[in-house]
Amino acid sequence: MSHDPSCIFCKIVAGQIPAKKVHEDDQVLVFHDIHPWAPVHILLIPKIHIASMADLQPEHAALMGHMSTLVPRLMRELGVNNGFRTVINTGADGGQEVYHLHMHAMGGPRPWLKG
Ligand code: 5GP
Ligand code: ZN
């Protein structure tokens, strides 16, 4: 399924729920996390609905590569210049809350709220 009408991140992709956008292209949307753990806390999501990292298939390799290589560029643009953390929570034991694949990228001066 490329779009799940009950998925909150699909609604953000569709513009049905507002988000503070950082970057958008044909494959990926990036926006600020609504409850940031760090001074800069963004979420990178594929525009297509993939529920979690556990659902990735070989045809998603380019998409995931694109997402990964975007992170350093976007963090630099957001003024993060002393390192950052990337996290993908997967499934129940991985602590995933929103079942639309997303990569957290967190940075900025410590202390952070969490992590
Ligand atoms: P997970 O635990 O699934 O890896 O993280 C989900 C993240 O999505 C959380 O950090 C949460 O704050 C963020 N989040 C949940 N709903 C929304 C929303 O409607 N807008 C934005 N910008 N972030 C959200
Ligand atoms: Zn979705």
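See the structure printed just above.
Thresholds, definitions, all that
- Residues numbered from 1 in each chain as written.
- Chains lettered and ligands numbered in written order.
- Predicted model: local features only at pLDDT ≥ 70, side-chain atom pairs only at ≥ 80, totals over all residues.
- Heavy atoms only, no water.
- Near = heavy atom within 4 Å.
- Polar contact = N/O pair within 3.5 Å; in protein donor to acceptor, adjacent residues only side chain to side chain.
- 1 Å grid on protein atoms, 1.4 Å probe; cavity = no way out; pocket = protein on both sides within 12 Å on 5 of 7 lines; lining within 4 Å.
- Sits in = over half its atoms within 2 Å of the grid points.
- Helix = DSSP H or I, 4+ residues; strand = E, 2+ residues; numbered from the N terminus.
- Nonpolar A, V, L, I, M, F, W, Y, C, P; charged D, E, K, R; others polar.

Caption draft 1: Expanded view of the site of ligand 1. Neighbouring ligand 1 are 16 residues; Asp33, Glu97, Val98, His102 and His104 lie closest to it. In the environment of ligand 1, a nitrogen atom lies 3.3 Å from a nitrogen or oxygen atom belonging to the backbone of Ile34. Separating an oxygen atom of ligand 1 from a side-chain N or O atom of His104 is a distance of 2.8 Å. More than half of the atoms belonging to ligand 1 lie within 2 Å of the grid points that define the largest pocket. Elements that contribute at least two residues to the shell around ligand 1 include exactly helix 1 (8–13) and strand 2 (28–32). A total of three residues in the shell around ligand 1 trace back to one element, the largest contributor, which is helix 1. Among the residues forming the shell around ligand 1, the class breakdown is seven nonpolar, seven polar and two charged.

Remember, this is a structural readout, not a statement about activity or role.
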